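Overview (structure and organization)
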Amino acid sequence: MIPTVDLQGYSYEDRQGLLPSLTSAFTDCGGWVLERKTLSANSMEIAFEIQLSGIVELYSSLLATGVELTTLAHSVLADLCTCRHHLDRTSQTHQVLSLRLMLSFLEDVTLQSLLMTGTTAA
């Protein structure tokens, strides 16, 4: 069994517009979606697999779609990219990785709009 790497992120993009872009991002770098789950009105989980050789493309594609990753997710993906770089000369780059992206959809609330309504951000 392949251990699953958990990634967390968020987006201000429209959910309906982002999902096709994410699916394309996974498939364009050689990955495949295993499962999509809606966790709540503002969050979802996508389980997918990809070969280690496509991790750099996946990382850049996620960012290009408008997904903002947590610091830990950036660190995990950077580590995987480093592993791929060092394993480039072996067949281990064909190793399959199982990833799970937990994604939250946020509304674009600016400081100005909070100030205009008199709401305080604590």
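Look up: the structure comes first, before these words.
Before going into details, it helps to say that this report is about the structure given with it. (Residues numbered from 1 in each chain as written. Predicted model: local features only at pLDDT ≥ 70, side-chain atom pairs only at ≥ 80, totals over all residues. Heavy atoms only, no water.)

Quick look at the nonpolar core
- Within the largest apolar cluster, 26 residues are counted, with the highest numbers of intra-cluster contacts made by Leu22, Phe26, Ile55, Leu58, Leu77, Leu101 and Leu103.
- Broken down by secondary-structure element, the contributors of at least two residues to this core are helix H1 (15–28), strand S3 (43–51), helix H2 (55–64), helix H3 (71–86) and strand S5 (96–105).
- Residue contributions to this core peak at five residues, all from S5.
- Ignoring anything within four residues of it in the chain, the contact list for Leu77 reads Leu7, Ile55, Tyr59, Leu62 and Leu69. (Core = buried A, V, L, I, M, F, W, Y, C linked by side-chain atoms within 4.5 Å. Buried < 20%, exposed > 50% of the residue type's maximum accessible area, 1.4 Å probe, protein only. Helix = DSSP H or I, 4+ residues; strand = E, 2+ residues; numbered from the N terminus. Contact = heavy atoms within 4.5 Å.)

Section: the sheet that holds S5
- The mixed open sheet is built from five strands, whose spatial order is S2-S3-S5-S1-S4. With one partner strand each, in any of the chains shown, strand S2 (32–40) and strand S4 (68–69) form the two edges of the open sheet.
- Across two bridges, the pairing between strand S1 (residues 4–11) and S4 is antiparallel. Looking across to S4, one finds that Gly9 is bridged to Leu69.
- Against the sheet, H2 contacts S3, S4 and S5, and its axis sits at roughly 155° relative to S3. (Pairing = 2+ DSSP bridges. Axes fitted to C-alpha atoms, helices over the stretch in contact; angles between N-to-C directions.)

A few points about the environment of Gln51
- The residue Gln51 is located in strand S3 in this model.
- Taking the relative accessible area as the measure of exposure, Gln51 reaches 31% and is therefore partly exposed.
- As a C-alpha pair, Gln51 and Ser98 span 47 residues in sequence and 8.8 Å in three-dimensional space.

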